[in-house]
Amino acid sequence: MCGTGGSSCHGGQWSAFRQWISAELLRKDREDVLSVRPDARLAFYSYPLRDGKLPGFVKDNPMNPILWDEVGDINLISMYSILGEKYLDVLDDTVKVLKKEVWACPYLTKPTS
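A quick note: this is a predicted structure, and the numbers were derived from the prediction, not measured.

For a regular strand, side-chain orientation follows a simple rule: the groups alternate between the two sheet faces. Only one face of strand E1 (residues 43-46) is covered, namely the face carrying Phe 44 and Ser 46; the face carrying Ala 43 and Tyr 45 is uncovered. When E1 meets strand E2 (residues 74-79), the two strands line up parallel, connected through 4 bridges. Residue Tyr 45 lies in a different strand from E2, and its bridge partner there is Leu 76.

Now the structure itself:
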């Protein structure tokens, strides 16, 4: 059904719209916050990039770190399921594309094995 599967709706137009409207809403939020607190820095939570592009699952998600990078001051990037050397590679890929500060949000726990 159109609207429930994201990219399956009109060749990805629905997903692109959701990502755009989310960025526009954050832009409005930013204006409102800065009108009462001009020194505020805004951080938005999103997902890391892979090879400079959105990972597949993000295409069906309203969070687009590339669009949000234009709006916020800090990118809080989810790094929960990325371990080992791949963690550094993914973080590096993300930092190379985004212009604003990138803060990784790792999943801190003990190893399972």
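Attention shifts here to a nonpolar patch on the surface. There is a patch of nonpolar side chains on the surface, built from Trp 14, Phe 17 and Trp 20 and spanning about 310 Å² of accessible area. Mapped onto the fold, Phe 17 is located in helix H1 (residues 13-36).

Residues with a pLDDT of 70 or more make up 83% of the protein chain, whose mean pLDDT is 84. Mean pLDDT in the protein chain bottoms out at helix H3 (residues 84-97), which sits at 90, and peaks at H1, which reaches 93. Low pLDDT, under 50, characterises residues 3-7; the predicted model gives this stretch 9 contacts beyond four residues in sequence or across chains.

Every buried residue of H3 is accounted for by Tyr 87, Val 90, Leu 91 and Thr 94. Down the axis, H3 shows its buried residues gathered within 100° of arc, on one side only. Summarising the geometry of H3, the exposed residues directed more than 90 degrees from the buried face are Glu 85, Leu 88 and Lys 96. Looking at the buried side of H3, the elements it contacts are E2 and strand E3 (101-106).

Between the first and last C-alpha of H1 there are 35 Å, a value that for 24 residues agrees with the 34 Å anticipated at 1.5 Å per step. Within H1, burial applies to Ser 15, Gln 19, Ser 22, Ala 23 and Leu 26.

As a further point, take the sheet that holds E2. Two pairing modes exist for strands in a sheet, parallel and antiparallel, and in both the strands are linked by backbone hydrogen bonds. Sheet architecture is open: 3 strands sit in the order E1-E2-E3, paired in parallel fashion. In this open sheet, the two strands that pair with only one neighbour each are E1 and E3. Across the sheet, the mean angle separating the axes of adjacent strands is 25° when strand polarity is ignored. Of the strands in this sheet, E2 and E3 are in contact with H3, which crosses E3 at around 155°.

Rules used throughout
Residues numbered from 1 in each chain as written. Predicted model: local features only at pLDDT ≥ 70, side-chain atom pairs only at ≥ 80, totals over all residues. Heavy atoms only, no water. Buried < 20%, exposed > 50% of the residue type's maximum accessible area, 1.4 Å probe, protein only. Helix = DSSP H or I, 4+ residues; strand = E, 2+ residues; numbered from the N terminus. Pairing = 2+ DSSP bridges. Patch = residues over 30% accessible without salt bridge, like charges linked within 9 Å, V, L, I, M, F, W, Y side chains within 5 Å. Areas by Shrake-Rupley, 256 points an atom, 1.4 Å probe, with all protein chains shown as cover. Salt bridge = Lys/Arg side-chain N within 4 Å of Asp/Glu carboxyl O. pLDDT = per-residue confidence, 0-100. Contact = heavy atoms within 4.5 Å. Arc of directions from axis to C-beta. Expected span 1.5 Å × (residues − 1). Axes fitted to C-alpha atoms, helices over the stretch in contact; angles between N-to-C directions.

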